[in-house]
Amino acid sequence: MTTATMTKTLMVELRFEEDVDVTRAVASMRLPNGRLLTGEGHARRNPVDRPRASIGEEMAGARALSGLAHRLLEAAADEVESNVHGGDPVV
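Definitions and cut-offs
Residues numbered from 1 in each chain as written. Predicted model: local features only at pLDDT ≥ 70, side-chain atom pairs only at ≥ 80, totals over all residues. Heavy atoms only, no water. Salt bridge = Lys/Arg side-chain N within 4 Å of Asp/Glu carboxyl O. Buried < 20%, exposed > 50% of the residue type's maximum accessible area, 1.4 Å probe, protein only. Helix = DSSP H or I, 4+ residues; strand = E, 2+ residues; numbered from the N terminus. Expected span 1.5 Å × (residues − 1). Contact = heavy atoms within 4.5 Å. Pairing = 2+ DSSP bridges. Axes fitted to C-alpha atoms, helices over the stretch in contact; angles between N-to-C directions. Core = buried A, V, L, I, M, F, W, Y, C linked by side-chain atoms within 4.5 Å.

Asks: Describe the pattern of salt bridges, and please don't skip the residues or the numbers.
Replies: Taken as a whole, this structure holds 6 salt bridges when the rule is applied. When the shortest N-O distance is used, the salt bridge between R24 and E17 registers 3.3 Å. Classification of R24 by relative accessible area gives partly exposed; the value is 25%. Measuring nitrogen to oxygen at the nearest pair gives 3.0 Å for the salt bridge that ties E40 to R24. Residue E40 is located in strand β3 (residues 36-44), and its partner R24 is located in strand β2 (residues 22-30); the two are separated by 16 residues in the primary sequence. Assessed through its relative accessible area of 44%, E40 is described here as partly exposed. When salt bridges that share partners are traced, they join E17, R24 and E40 into one network.

Encoded structure:
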């Protein structure tokens, strides 16, 4: 017996806004049902450190992605709850 494998791709967008001392990142992803999920992250440069935009982007980006992961987990839990209580399952 063989089982069918399905492949699905969801795109994540990671945007940055930064100045010399602060970086803000927003990660967003649209679910197949149209729901938009976002996570936000910030990083602040220590005044004694030299400016390096890549470090702020990595820190803020990781925090935004972590927030997005939490929103995705919450969305899945909402769907499980709805399915358990008789809602129509989303394919």
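After presenting the structure, the write-up continues.
Asks: Residues and numbers for helix α1 (residues 53-84), please.
Replies: Between its terminal C-alpha atoms α1 stretches 46 Å, which fits the 46 Å expected from 32 residues at 1.5 Å a residue. The inward-facing, buried residues of α1 contact β1 (12-18), β2 and β3. Phi for G86, located one or two positions after α1, is positive at around 95 degrees.

Asks: Describe the pairing of β3, with residues and values.
Replies: Side-chain alternation along β3 places L37, G39, G41 and A43 on a buried face and L36, T38, E40, H42 and R44 on a face that remains uncovered. Pairing of β2 with β3, which is carried by 9 bridges, proceeds in the antiparallel orientation. The residue of β3 that forms the bridge with T23 is A43. Hairpin connection from β2 to β3: 5 residues lie between these consecutive antiparallel strands, with G34 at a positive phi of about 95 degrees.

Asks: Got a sec to walk through the sheet that holds β2? Specific residues and values, please.
Replies: Across the sheet, 3 strands lie side by side as β1-β2-β3; this open sheet has antiparallel pairing. A single partner strand is all that each edge strand has here, and the edge strands are β1 and β3. Recorded for the sheet is a direction-independent mean angle of 15 degrees between the axes of neighbouring strands. In terms of strand pairing, β1 meets β2 through 7 bridges, oriented antiparallel. Across the sheet, residue E13 finds its bridge partner in β2, namely S28.

Asks: Account for the nonpolar core, with residues named and values stated.
Replies: Counting residues in each nonpolar core, the largest one holds 10 residues, listed as A25, A27, M29, L31, L37, A43, A60, A64, L68 and A75. Mapped by element, the contributors of at least two residues to this core are β2, β3 and α1. No other element matches α1, which puts 4 residues into this core. Residues contacting A43, with those up to four places away along its chain left out, are D21, V22, T23, G56, M59, A60 and R63.

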